[in-house]
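Residues per chain are reported as follows:
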Amino acid sequence: MATVRPMEHPVADVLRVLAISRSSGALEVRGARGGTFFLYEGDITYAEALDLPPAKVFDADDPQLPSTLQSAIVEAGLALLAEENVDGERPLFRPGRRHWSGRLCRLRVDAFLSEITQRLARFTELGVEPDDQVQLCRLAPGRMAVLSRRQWALAAELGGAQTARALARRSGSPLSVTIETVASMVVAGVVQRPPTARQVSVQPARVATPVRKAVVRAPVGRESELPEARLPHRVRGATSRTAQGPEYRPRLPPHEDEAAQGRALALRLLEGLRKL
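Just so you know, these numbers come straight off a predicted model, no measurement behind them.

A. Focus on unusual backbone geometry. Unusually for a residue other than glycine, R22 sits at a positive phi of about 50 degrees. Relative to the elements of secondary structure, R22 occurs in the loop between helix 1 (10-20) and strand 1 (25-29). Despite not being glycine, E41 shows a phi value in the positive range, around 50 degrees. Residue class for E41 comes out partly exposed when judged on its relative accessible area of 27%.

B. The environment of P95, seen in detail. Tracing the chain through its elements places P95 in strand 4 (residues 92-95). The spacing of P95 and F38 is 57 residues in sequence and 9.8 Å in space, taken between C-alpha atoms. With sequence-adjacent residues up to four places away left out, P95 is seen in contact with S24 and G25.

C. Structural detail: the sheet that holds strand 6 (residues 162-163). If you trace the three strands from one edge of the open sheet to the other, you get 6-5-7, paired in antiparallel fashion. Each having just a single partner strand, strand 6 and strand 7 (191-192) make up the two edges of the open sheet. Here strand 5 (residues 133-136) runs beside strand 7; their pairing, made up of two bridges, is antiparallel. Paired with L136 across the two strands is V191, which belongs to strand 7.

What counts, and at which threshold
- Residues numbered from 1 in each chain as written.
- Predicted model: local features only at pLDDT ≥ 70, side-chain atom pairs only at ≥ 80, totals over all residues.
- Heavy atoms only, no water.
- Helix = DSSP H or I, 4+ residues; strand = E, 2+ residues; numbered from the N terminus.
- Buried < 20%, exposed > 50% of the residue type's maximum accessible area, 1.4 Å probe, protein only.
- Contact = heavy atoms within 4.5 Å.
- Pairing = 2+ DSSP bridges.

Written out as structure tokens, the structure is:
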């Protein structure tokens, strides 16, 4: 599942409309991976998403409560606006609904969307997107890695390849913290992305193109200027004709006179032998 830009999410458009109209109520993002945005006069006061732990209940006078609520809003926004709505259901606005936190934290919609965009840009710089799969890998020979408590907790949850978003949900840690930790483990050589099948590009076979010899035609009346035609060179290994030396003479059949002289010479030799 691909990570989408929050500015292009349909829920972001509804939030802008509610901010302009200064509406108060709850915007429900329906579906298997839904959640709720609580608004007061167009400002977001709280947000929650499925599979994310809710913010801890603090005393209303606690000075850390506003920052805790703001962190919960941003984390819910990363879960709802940086992920496609696979169910395709439209969000439903229920006027008048309020969260227990009331108006302790009021976050403007434009500032909220800007913060989500900056967080996603930060993830890109770290090299780990919310929907990137990661897994443990073996250390190089002779290399050691010292893990922190947070890194060790995430390594214990990495039984196989899974996305950083799913790892954050399983570990109960915020997505931003999870990605920061996973990125540090990638640098340490403990975590890597699963290897993908290499795409082998098959090049088409080259077909030998016959070379056509250009026919040179001389202008009329200038045929003598053409180069003399040469006999084709003999191809090595050809057996059509045996190479002959320059002193070779073909053996011709004997002439009739030479044959008669040979017979006469033989008869004289026989007569001489008889006289002996």
